[in-house]
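Read off the chains here:
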Amino acid sequence: MTQRRNTISLSDITLTFLSSVSSGHLCAAFLAFMTGHEVAGLGFLSVWLAAIVGVLRFGVSEKLFQQANSDLANLAAFVGYPLIGMSFAAQHYTSLDINVVFIGFMLVAWEALTRSFVESNKEAAKLATNIIFFVGPIAAVCHETKDYVTMGALAAFVVAGIVITPHHENRIGGIRCVDLFHVVIGVTAYMFAMGLGGSA
């Protein structure tokens, strides 16, 4: 158990650093705020916060931090990533006058509602939310702007979520799936931030 916790904690540290670079604490927060994408910066920050609490959960006390880690991970999935996707859409489809802040508020309410769902329905809701508000908008914008780098990041993110998955025990090439998952989404977070800032 100790070895498993240590390796998961190490991957969370990696994600914490990479998401910091891409969200609010280093590169991408600076980039997001400088290009007027504060809401997207908050989306990246939610992933960063979940990673920090993940370090505390698996590196310090699972009993104390398990619920907080789970809640923040759900917040990142239901609200954080969709805010990033909708920021891409709002920037590109200006004629639609997309209010990302209002959408964020509705996503928070939606996440709260799904807490009463059984686990299988909650996972389905999480998947649908990210397809509609994260994957779809970024894919559409990247296709229209021919941004193949960000499109590649999106493809890697989807592979991480569907193929790799954050499973604690399974391994790919000797590497725990949860570790590989965290590294991939950390790297793609940086690429999304660069893509959003670069397309301004």
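Cut-offs used in this document
- Residues numbered from 1 in each chain as written.
- Predicted model: local features only at pLDDT ≥ 70, side-chain atom pairs only at ≥ 80, totals over all residues.
- Heavy atoms only, no water.
- pLDDT = per-residue confidence, 0-100.
- Contact = heavy atoms within 4.5 Å.
- Salt bridge = Lys/Arg side-chain N within 4 Å of Asp/Glu carboxyl O.
- Buried < 20%, exposed > 50% of the residue type's maximum accessible area, 1.4 Å probe, protein only.
- Helix = DSSP H or I, 4+ residues; strand = E, 2+ residues; numbered from the N terminus.
- Axes fitted to C-alpha atoms, helices over the stretch in contact; angles between N-to-C directions.
- Parallel < 35°, antiparallel > 145°, perpendicular 65-115°, else oblique.
- Left-handed = near helix turned anticlockwise from the far one by under 90°.
- Nonpolar A, V, L, I, M, F, W, Y, C, P; charged D, E, K, R; others polar.
- Expected span 1.5 Å × (residues − 1).

What follows deals with the confidence of the model for the protein. On average, residues of the protein score 82 in pLDDT, and 82% of them reach the 70 mark or higher. Of the regions scoring below 50 in pLDDT, residues 18-26 engages in 32 contacts with residues more than four places distant in sequence or in other chains.

The next subject is the pattern of salt bridges. In the structure shown here, the tally under the stated rule is three salt bridges. A salt bridge links R57 to E62, with the shortest nitrogen-to-oxygen separation between them at 3.5 Å. Classification of R57 by relative accessible area gives buried; the value is 12%. We note a salt bridge from K126 to E123, for which the minimum N-O separation is 3.3 Å. Of this pair, K126 and E123 are both found in helix α6 (residues 119-145), three residues apart, which corresponds to roughly one turn of the helix. Assessed through its relative accessible area of 17%, K126 is described here as buried.

Okay, the environment of T114 next. Inspection of the secondary structure puts T114 in helix α5 (residues 100-114). Taking the C-alpha atoms as reference, T114 lies 9.9 Å from N74; in sequence the two are 40 residues apart. Once residues within four sequence positions are removed from consideration, T114 is found in contact with F78, K122 and A125.

Once that is clear, we can look at the packing of helix α3 (residues 38-59) against helix α4 (residues 62-92). Between α3 and α4, the least distance of the axes is 7 Å, while the angle of their chain directions is 160 degrees. Comparing their axes, α4 and α3 come out roughly antiparallel. Once α3 is placed against α4, the crossing between them reads as left-handed. For the contact of α3 with α4, the class distribution of residues is 17 nonpolar, seven polar and two charged.

Since the α-helix turns once every 3.6 residues, residues separated by three or four places project in the same direction. Compared with the 39 Å implied by 1.5 Å per residue over 27 residues, the 37 Å span of α6 between its first and last C-alpha is a close match. Within the span of α6, buried status applies to K122, A125, K126, T129, N130, F134, P137, I138, V141 and C142. Directly beyond the C-terminal end of α6, a positive phi value near 55 degrees is found at K146.

A few words now on the environment of A128. Summarising the element assignment, A128 is placed in helix α6. The exposure class of A128 is partly exposed, given its relative accessible area of 36%. On a C-alpha basis, the gap between A128 and F78 in space is 9.6 Å, while along the polypeptide they are 50 residues apart.

In this section: the packing of α6 against helix α7 (residues 148-164). Between α6 and α7, the least distance of the axes is 9 Å, while the angle of their chain directions is 155 degrees. Considering the angle they form, α6 stands roughly antiparallel to α7. The handedness of the crossing between α6 and α7 is left-handed. Contacts between α6 and α7 pair F134, V135, I138, A139, C142 and H143 from the former with T150, M151, L154, F157 and V158 from the latter.

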